[in-house]
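Overview (structure and organization)
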Amino acid sequence: MYYLDHTADVQLHSWGDTLEEAFEQIVMAMFGYMTDIETVQPSTTIEVEAEGHDMLSLLYNFMDEWLYQFSAEMFFIPREMKVIHMDRVNYKIRSIGWGEQFDLDKHPQGTEVKAITYSAMQIHEDEKPQIFVIIDI
C-alpha cells in the first residue's frame, strides 16, 4: 500500500485601504481561483448577506454565502462585488455582486472550491487591512 502527498488547500491573501475592501478582495480571490474573472460579464446583480458572532465567523459565513451562490444556487460568478454595509458590533455584512452564470463554453474552468476553512484564518486591521483564508479544494 502507498500513500501519495496531495495538496488539498490553498491560502488566499487579500488587502485593501479598508476592511470592507479586504473582504471584497478575498471573495474575488476565491472566484479568481475558480475561473478567469476577466471573462465574466457583469450582466446580473445579486445581493449576499451574512452574520457571525465575531469577525472571523463573519468572514467565514460571508465567504461561504458567496460560495453557496456558485455551488448550490445558480452557479453565479461575480466579475466584481462591493460590501454595502458592515456592522462590526452585531457582526453583519451586506454585499452586492455583478456577474453572470458560470458557463464552461465561456469561462475557463479553474479549481473547484469545496469549502472555506477556519484553519489559520486571520484578519489584520493595521494601517492596511489584510485577510488570510485557507480554502479546501
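Residues numbered from 1 in each chain as written. Predicted model: local features only at pLDDT ≥ 70, side-chain atom pairs only at ≥ 80, totals over all residues. Heavy atoms only, no water.

Attention now goes to the overall build of the protein chain. Check the secondary structure of the protein chain and you find two helices and seven strands. Counted from the first residue to the last, the protein chain has its helices and strands arranged as β-α-β-α-β-β-β-β-β. Taking 2.2 N^0.38 as the reference for a compact globule, 137 residues should give roughly 14 Å; the C-alpha atoms of the protein chain span a radius of gyration of 15 Å, in line with that estimate. When the backbone C-alpha atoms are referred to their principal axes, the protein chain occupies close to 50 × 45 × 25 Å. Taken across its 137 residues, the protein chain has 42% of its residues classed as buried. (Helix = DSSP H or I, 4+ residues; strand = E, 2+ residues; numbered from the N terminus. Rg over C-alpha atoms; globule rule 2.2 N^0.38 Å. Buried < 20%, exposed > 50% of the residue type's maximum accessible area, 1.4 Å probe, protein only.)

Pairing in this open sheet of three strands is antiparallel, and the strands run E2-E4-E3 from one edge to the other. Only two strands of the sheet have a single partner each, and these edge strands are strand E2 (44–51) and strand E3 (76–87). Each neighbouring strand pair of the sheet contributes to a mean axis angle of 20°, computed without reference to strand direction. Sheet analysis places E3 next to strand E4 (residues 92–101), joined by ten bridges and oriented antiparallel. Directly across from Asp87, in E4, lies its bridge partner Lys92. With respect to the sheet, helix H1 (residues 19–34) is in contact with E3 and E4, its orientation differing from that of E3 by roughly 160°. (Pairing = 2+ DSSP bridges. Axes fitted to C-alpha atoms, helices over the stretch in contact; angles between N-to-C directions. Contact = heavy atoms within 4.5 Å.)

A positive phi angle, near 55°, is found at Tyr91, a position not held by glycine. Under the relative-accessibility criterion, Tyr91 is labelled partly exposed at 24%. At Ala120, a position not held by glycine, the phi torsion is positive, near 60°. Looking at where Ala120 falls in the secondary structure, it is placed in the loop between strand E5 (115–116) and strand E6 (122–124).

Everything listed is a geometric property; what it means functionally is a separate question.
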